[in-house]
Amino acid sequence: MELDDPGFHHSVLADFRDRLAEDDRADRLLDLALTRLKEAGLVRERTTQRTDSTHVPWPWSAT
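Residues numbered from 1 in each chain as written. Predicted model: local features only at pLDDT ≥ 70, side-chain atom pairs only at ≥ 80, totals over all residues. Heavy atoms only, no water.

## Thoughts on the overall build of the protein chain
Helices and strands together make up the secondary structure of the protein chain, namely two helices and zero strands. Burial status across the protein chain gives 0% buried among its 63 residues. When the accessible area of the protein chain is evaluated, it comes to approximately 6,600 Å², of which 55% is carbon and sulfur surface. (Helix = DSSP H or I, 4+ residues; strand = E, 2+ residues; numbered from the N terminus. Buried < 20%, exposed > 50% of the residue type's maximum accessible area, 1.4 Å probe, protein only. Areas by Shrake-Rupley, 256 points an atom, 1.4 Å probe, with all protein chains shown as cover.)

Structural data, given as structure tokens:
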């Protein structure tokens, strides 16, 4: 359902957020999602992250 759908009312978002905040539901939902993603091979356990970005000197603007 689109946000501008005539059957949509913004108050449902606040109700959903309130229900999600109860009893650590958000954390449980995230844990379940991560477990399923790991099982599907879409994410891995935490490892060392390598970056190819270059060093950014401080201060950013040279005078």
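## Some words on the environment of Glu45
Locating Glu45 in the fold gives a position in the segment after helix 2 (25-39). Since its relative accessible area comes to 54%, Glu45 is described here as exposed.

## Brief notes about unusual backbone geometry
Even without glycine at this site, Asp23 takes up a positive phi of about 50 degrees. Summarising the element assignment, Asp23 is placed in the loop between helix 1 (11-21) and helix 2. Even without being a glycine, Asp24 presents a positive backbone phi close to 55 degrees. Its location among the elements puts Asp24 in the loop between helix 1 and helix 2. Assessed through its relative accessible area of 52%, Asp24 is described here as exposed.

## Observations regarding the environment of Leu37
Mapping Leu37 onto the fold places it in helix 2. With a relative accessible area of 32%, Leu37 lands in the partly exposed category. Discounting chain neighbours no more than four positions away, the residues touching Leu37 are Leu42 and Val43. (Contact = heavy atoms within 4.5 Å.)

## Observations concerning the pattern of salt bridges
Counted according to the given criterion, the structure contains one salt bridge. A salt bridge links Glu22 to Arg25, with the shortest nitrogen-to-oxygen separation between them at 3.7 Å. Relative accessible area serves as the criterion here: at 31%, Arg25 is assigned to the partly exposed category. (Salt bridge = Lys/Arg side-chain N within 4 Å of Asp/Glu carboxyl O.)

## Some remarks on helix 2
The terminal C-alpha atoms of helix 2 lie 21 Å apart, and with 15 residues this matches the ideal 21 Å at 1.5 Å per residue to within 8%. Trailing helix 2 by a residue or two, Gly41 shows a phi angle of about 75 degrees, which is positive. (Expected span 1.5 Å × (residues − 1).)

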